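What follows is the residue order along each chain.
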Amino acid sequence: AQKVTQAQTEISVVEKEDVTLDCVYETRDTTYYLFWYKQPPSGELVFLIRRNSFDEQNEISGRYSWNFQKSTSSFNFTITASQVVDSAVYFCALSPLGNAGNMLTFGGGTRLMVKP
Amino acid sequence: GAGVSQSPRYKVAKRGQDVALRCDPISGHVSLFWYQQALGQGPEFLTYFQNEAQLDKSGLPSDRFFAERPEGSVSTLKIQRTQQEDSAVYLCASSLGDFSPYNEQFFGPGTRLTVL
């Protein structure tokens, strides 16, 4: 069975603050993918990043960075210098690697509110 | 646009009515997924198609839920005798399938179903 936990249901920050969204996962698979998606008020899920379980190298993309630690089964997401446009619900997700029908298992989401 | 489209975007049904939700995947995408997202929660897997074959329907909550993809392109999710607990956003996603090394899923905007 697979499980993704996002313990923070809601975070509120003031613009330009840094914020970290936590994600902890459980899986019996030895190989898997981890994802982050953004869901703005319009409702469409926007893909942000995918990591495979072989690659624990952290990644930075502009103001976004991700910290994957297999030892603690965590895949945390940091937004540096947050902006109002970052306000959305963010989902962490997990899927098996290499299977047909690699369904995504999502966490419950973290609602981020960035105030001006 | 070349993205995943869903119709209708909003549907209000009286309890006991049947509804049909449509998904148009990205052209050429082999895999198609349906997810259910209850208010304030993460999406949950319902069912998966590879071309016209429904390979996994383990997430369908009851036998009132039925999905089809007869020609391997457009898919319809049908809910019979709707109940209030069926109220949710129904998300469709498509991916290239096994031909893609990453099987990234692209999501549609969803159909928000409200059962009165």
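Every chain begins its residue count from 1, and numbering advances along the sequence as written. Note on labels: chains are lettered from A, ligands numbered from 1, in written order. Thresholds applied to this predicted model are a pLDDT of at least 70 for local features of residues and 80 or more for the giving and counting of side-chain atom pairs; totals over whole chains, interfaces and linings are not thresholded and use all residues. Just so you know, side-chain values use all the structure's heavy atoms and leave hydrogens and water out.

1. Here we look at the overall build of chain B
For step 1, the next point in the chain: In terms of helices and strands, chain B carries 0 helices and 11 strands.
For step 2, the next point in the chain: What counts as a helix is a DSSP run of H or I of at least four residues, what counts as a strand is a run of E of at least two, and both are numbered from the N terminus. Along chain B, helices (α) and strands (β) appear in the sequence β-β-β-β-β-β-β-β-β-β-β when read from the amino end.
For step 3, the next point in the chain: For a compact globule of 116 residues, the expected C-alpha radius of gyration is about 13 Å, and chain B comes in at 13 Å, within 12% of that figure.
For step 4, the next point in the chain: Reported as C-alpha extents along the three principal axes, the dimensions of chain B are approximately 40 × 25 × 25 Å.
For step 5, the next point in the chain: Only protein chains enter the accessibility calculation, which uses a 1.4 Å probe; a residue whose area is less than 20% of its type maximum is buried, one above 50% is exposed, and one in between is partly exposed. Taking all 116 residues of chain B together, 49% fall into the buried category.
For step 6, the next point in the chain: Contacts between residues were defined by any pair of non-hydrogen atoms, one from each residue, lying within 4.5 Å. Considering only residue pairs separated by 6 or more positions, chain B has 54% of its internal contacts joining residues 24 or more positions apart.
For step 7, the next point in the chain: Within chain B, the 12 negative side-chain charges are centred at a point lying 10 Å from the centre of the 11 positive side-chain charges. Computation of the radius of gyration draws on C-alpha atoms alone. For the globule rule, the value is 2.2 Å times the number of residues to the power 0.38. Residues counted as positive are Lys and Arg, residues counted as negative are Asp and Glu, and His and the chain ends are not counted. All charge positions are set by atom: Lys at NZ, Arg at CZ, Asp at CG, Glu at CD.

2. Thoughts on the interface of chain A and chain B
Many structure descriptions define interface size as the accessible area lost when the parts assemble.
For step 1, the next point in the chain: Listed per partner, the contact involves 19 residues of chain A and 21 residues of chain B.
For step 2, the next point in the chain: Buried area adds together the accessible area that both of two parts lose upon being put together, with accessible area traced by a 1.4 Å probe. With both chains or domains summed, chain A and chain B bury close to 1700 Å², and 53% of this area falls on carbon and sulfur atoms.
For step 3, the next point in the chain: By definition here, a salt bridge exists when the distance from a side-chain nitrogen of Lys or Arg to a carboxyl oxygen of Asp or Glu is within 4 Å. Applying the counting rule to chain A against chain B returns 1 salt bridge.
For step 4, the next point in the chain: When contributions to the side of chain A that touches chain B are tallied by element, the ones reaching two or more residues are strand 5 (32-39) and strand 6 (46-52) of chain A.
For step 5, the next point in the chain: With 3 residues, the top contributor of residues to the side of chain A that touches chain B is strand 5 of chain A.
For step 6, the next point in the chain: Its residues placed into classes, the side of chain A that touches chain B shows 9 nonpolar, 8 polar and 2 charged. For this classification, the nonpolar set comprises Ala, Val, Leu, Ile, Met, Phe, Trp, Tyr, Cys and Pro, the charged set comprises Asp, Glu, Lys and Arg, and every other residue, Gly included, is treated as polar.

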